[in-house]
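Remarks on the overall topology
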Amino acid sequence: MSEDVRLVAWVRGRVQGVGFRWFTRAKVLEIGGLSGFALNLDDGRVQVVAEGPRKGCEGLLEWLQSDDTPGRVDGVTEIWDTPRGGYDGFAIR
């Protein structure tokens, strides 16, 4: 049985204006089973919230930290929590 978790990640670098949120949503759909959103923040970071199986969230975090993302990721800060629910799929905000 898979434990459901909530991942909140703040991605910093050149991650706005490069399709980062769109590619994040595409990766989430590829992984499957996750819901949440990706949001541009006023300070230039992108916030990613994902809920679902721990394995899927860990895969998403690995991708966020990889060189396979658009733009340039200088670092990712994450916190793990219990799911709150209320998301209908994965949205770009």
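The name that an unreviewed UniProt entry assigns to the chain is acylphosphatase, with the source organism given as Streptomyces bullii. Word for word, the UniProt comment on the chain under Catalytic activity (unreviewed entry) is "an acyl phosphate + H2O = a carboxylate + phosphate + H(+)". A UniProt comment under Sequence similarities (unreviewed entry) is attached to the chain, and it reads "Belongs to the acylphosphatase family."

1. Notes on the overall build of the chain
Broken down by element type, the chain carries two helices and five strands. In the chain, the succession of α and β elements from N to C terminus is β-α-β-β-α-β-β. For the chain, the spread of C-alpha atoms along the three principal axes comes to 35 × 25 × 20 Å. Looking at the chain as a whole, 38% of its 93 residues are labelled buried. In the chain, of all internal contacts separated by at least 6 residues, the share reaching a separation of at least 24 is 75%. Roughly 5,300 Å² of accessible area belongs to the chain as shown, and the carbon and sulfur atoms make up 46% of that amount. The averaged location of the 14 negative side-chain charges in the chain is 4 Å from the averaged location of its 12 positive side-chain charges.

2. Section: helix 2 (residues 54-64)
Regarding helix 2, the residues found buried are Gly 56, Cys 57, Leu 60, Leu 61, Trp 63 and Leu 64. All buried residues of helix 2 lie within an arc of 160° about the axis, which places them on one face of the element. Exposed and facing more than 90 degrees away from the buried side of helix 2 are Lys 55 and Glu 62. Buried residues belonging to helix 2 abut strand 1 (4-14), helix 1 (20-31), strand 3 (46-53) and strand 4 (72-81).

3. Some thoughts on the nonpolar core
Ranked by internal contacts, the top residues of the largest apolar core, which has 19 residues, are Val 48, Leu 60 and Leu 64. For this core, the secondary-structure elements that each account for two or more residues are strand 1, helix 1, strand 3 and helix 2. Broken down by element, this core gets its largest block of residues, five residues, from helix 2.

4. Thoughts on the packing of helix 1 against helix 2
Helix-helix packing is characterised by the crossing angle of the two axes and by the distance between the axes. The geometry of helix 1 relative to helix 2 is characterised by a closest axis approach of 10 Å and an angle of 145° between their N-to-C directions. Once helix 1 is placed against helix 2, the crossing between them reads as right-handed. Of the residues in helix 2, those touching helix 1 at Phe 20, Phe 23, Thr 24, Lys 27, Val 28 and Ile 31 are Gly 56, Gly 59, Leu 60, Trp 63 and Leu 64.

5. Some remarks on the sheet that holds strand 1
Sheet architecture is open: five strands sit in the order 4-1-3-2-5, paired in mixed fashion. Because the sheet does not close on itself, it has two edges, and the strands there are strand 4 and strand 5 (90-92). In this sheet, adjacent strand axes meet at a mean angle of 15° when their direction is disregarded. Relative to strand 4, strand 1 is paired through nine bridges, and the arrangement is antiparallel. From the neighbouring strand, Val 11 faces strand 4, where its bridge partner is Val 76. Of the strands in this sheet, strand 1, strand 2 (35-40), strand 3, strand 4 and strand 5 touch helix 1, which is tilted by about 170° from strand 5. Along the sheet, helix 2 contacts strand 1, strand 3 and strand 4; its crossing angle with strand 3, the most-contacted strand, is approximately 155°.

Criteria and thresholds
- Residues numbered from 1 in each chain as written.
- Predicted model: local features only at pLDDT ≥ 70, side-chain atom pairs only at ≥ 80, totals over all residues.
- Heavy atoms only, no water.
- UniProt positions renumbered as here; feature names shortened; annotations may be inferred.
- Helix = DSSP H or I, 4+ residues; strand = E, 2+ residues; numbered from the N terminus.
- Buried < 20%, exposed > 50% of the residue type's maximum accessible area, 1.4 Å probe, protein only.
- Contact = heavy atoms within 4.5 Å.
- Areas by Shrake-Rupley, 256 points an atom, 1.4 Å probe, with all protein chains shown as cover.
- Lys, Arg positive; Asp, Glu negative; His and termini not counted.
- Charge placed at Lys NZ, Arg CZ, Asp CG, Glu CD.
- Arc of directions from axis to C-beta.
- Core = buried A, V, L, I, M, F, W, Y, C linked by side-chain atoms within 4.5 Å.
- Axes fitted to C-alpha atoms, helices over the stretch in contact; angles between N-to-C directions.
- Left-handed = near helix turned anticlockwise from the far one by under 90°.
- Pairing = 2+ DSSP bridges.

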